[in-house]
Amino acid sequence: MPSFLGEALGDPPGLDGSENGLENRRDIGDILQQIMTITDQSLDEAQAKKHALNCHRMKPALFSVLCEIKEKTGLSMRSTQEEEPQDPQLVRLDNMLLAEGVAGPEKGGGAAAAVSAATSSGGMSPDSSLEHSDYKSKLSQIRTIYHTELEKYEQACSEFTTHVMNLLREQSRTRPVSPREIERMVAIIHRKFSSIQTQLKQSTCEAVMILRSRFLDARRKRRNFSKQATEILNEYFYSHLSNPYPSEEAKEELAKQCGITVSQVSNWFGNKRIRYKKNIGKFQEEANLYAMKTAIGATQSEESPHTPNSTGEMKQGSSCHGNKRNSYTKYM
DNA sequence: GTACATGATTACCG
DNA sequence: CGGTAATCATGTAC
């Protein structure tokens, strides 16, 4: 604060003012001198000086003058600010952070639960769950940083606010300070700090976005399904060749058997159908192989009356309406 | 390194 | 929304 005073008062030359003997002048000069040197003194000394200043006989007069000036200028700075209706950008950031689980309450054990669920689901490729937990841990890292930083800012903000308020309260003894003024000051401080917070939120959002895109890219790094899983899927496909559209339940069952997700099953069937259709010749051998397999399986488990259908016989219940759409058998 | 296989993604359709 | 078709990007066999 010495700089404030220095600037405000200027560096008046000839402070001693000994040239003219006017007592008032010397009094003011003394006061200024004291103010100028107040920071060079120890706290106790300063406190004592402050007390002396407060008790100075000129003080009430000066104070009333200040009040008068303030009264006049105060009107002009009335309607300088009207509460802005919150930055939509900030709202967006908040929403995103909340949606990504960065800003919200800590999801206790969420990551651990997900990992254990993934790993306990059997022969599923551990890779996806590993990547998933990697993503989770990175996210919680971001989250931790975000929260500690946010806390730091909040603490600093409140500390600074109380500091300023104390200062103002202190100053209100020597100059008129309206409660409204204090409010404004606090508002200004909060605005400044919240702009810093916005920056923090922005960079956190960016970090999350980068992490996300990396994770999505990583998901593209596919791993082939296990031999066993492909076996099961092919078995189903070729034994339902006339209508290779597993129902939702069937997909779930297949997913469980193969240790993959339902959407992976859907992907597989989507790819298989289109690729089979595109080049049936190429798949002929495979088709025969699985037809044979199911034939063996059928004869082993029970005397099956059907000939397993490499010829595309309908085995699916959906045929009961006669609408065997997409039957690939016509290509054979 | 190349060519093919394969799982995932995307645009579009009904 | 679930399907098809094209495409991407990687896995894998040679």
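Look a little higher up for the structure.
Summary of the structure given here. Since we're looking at a predicted model, the values are computed, not measured.

1. Remarks on the nonpolar core
- Leu-233, Phe-237, Tyr-238, Leu-254, Val-265, Phe-269 and Tyr-276 are the most contacted members of the largest nonpolar core, which has 20 residues in total.
- At the level of elements, helix H9 (227–239), helix H10 (248–258), helix H11 (262–278) and helix H12 (280–301) are the ones that each hand at least two residues to this core.
- For this core, the element with the highest residue contribution is H9, accounting for 6 residues.
- The contacts of Val-265, once residues within four sequence positions are left out, are Leu-233, Lys-251, Leu-254, Ala-255 and Ile-260.
- Of all hydrophobic cores here, the second largest spans 12 residues; its members include Leu-93, Met-96, Val-102 and Leu-139.

2. A word on the pattern of salt bridges
- Scanning the model with the defined rule gives 4 salt bridges in all.
- Among the ionic pairs, Glu-170 bridges to Arg-173, the shortest N-O distance being 3.7 Å.
- On the basis of relative accessible area, Glu-170 is assigned to the partly exposed category, the value being 31%.
- Residue classification places Arg-173 among the partly exposed residues on the basis of a relative accessible area of 42%.

3. Description of a nonpolar patch on the surface
- A cluster of nonpolar side chains, Val-65, Leu-66 and Ile-69, forms an exposed patch at the surface whose accessible area comes to about 240 Å².
- Along the polypeptide, Ile-69 turns up in helix H4 (residues 59–74).

4. Concerning H11
- Spanning 17 residues, H11 covers 24 Å between terminal C-alpha atoms, matching the ideal 24 Å at 1.5 Å per step.
- Listing the buried residues of H11 in full gives Val-265, Trp-268, Phe-269, Lys-272, Arg-273 and Tyr-276. When H11 is viewed along its axis, its buried side chains cluster within an angular range of 125 degrees and face the same direction. Every exposed residue of H11 that faces more than 90 degrees away from the buried side is listed here: Asn-267 and Lys-278.

5. A closer look at the packing of H9 against H10
- Viewed as axis vectors pointing N to C, H9 and H10 meet at an angle of 155 degrees, and their least axial separation amounts to 9 Å. Classified by the angle between their axes, H9 and H10 sit roughly antiparallel to one another. Along this stretch, H9 crosses H10, giving a crossing that reads as right-handed. Of the residues in H10, those in contact with Ala-229, Ile-232, Leu-233 and Tyr-236 of H9 are Ala-250, Leu-254, Gln-257 and Cys-258.
- A per-class count over the contact of H9 with H10 returns 7 nonpolar, 1 polar and no charged.

Conventions and cut-offs
Residues numbered from 1 in each chain as written. Chains lettered and ligands numbered in written order. Predicted model: local features only at pLDDT ≥ 70, side-chain atom pairs only at ≥ 80, totals over all residues. Heavy atoms only, no water. Core = buried A, V, L, I, M, F, W, Y, C linked by side-chain atoms within 4.5 Å. Buried < 20%, exposed > 50% of the residue type's maximum accessible area, 1.4 Å probe, protein only. Helix = DSSP H or I, 4+ residues; strand = E, 2+ residues; numbered from the N terminus. Contact = heavy atoms within 4.5 Å. Salt bridge = Lys/Arg side-chain N within 4 Å of Asp/Glu carboxyl O. Patch = residues over 30% accessible without salt bridge, like charges linked within 9 Å, V, L, I, M, F, W, Y side chains within 5 Å. Areas by Shrake-Rupley, 256 points an atom, 1.4 Å probe, with all protein chains shown as cover. Expected span 1.5 Å × (residues − 1). Arc of directions from axis to C-beta. Axes fitted to C-alpha atoms, helices over the stretch in contact; angles between N-to-C directions. Parallel < 35°, antiparallel > 145°, perpendicular 65-115°, else oblique. Left-handed = near helix turned anticlockwise from the far one by under 90°. Nonpolar A, V, L, I, M, F, W, Y, C, P; charged D, E, K, R; others polar.

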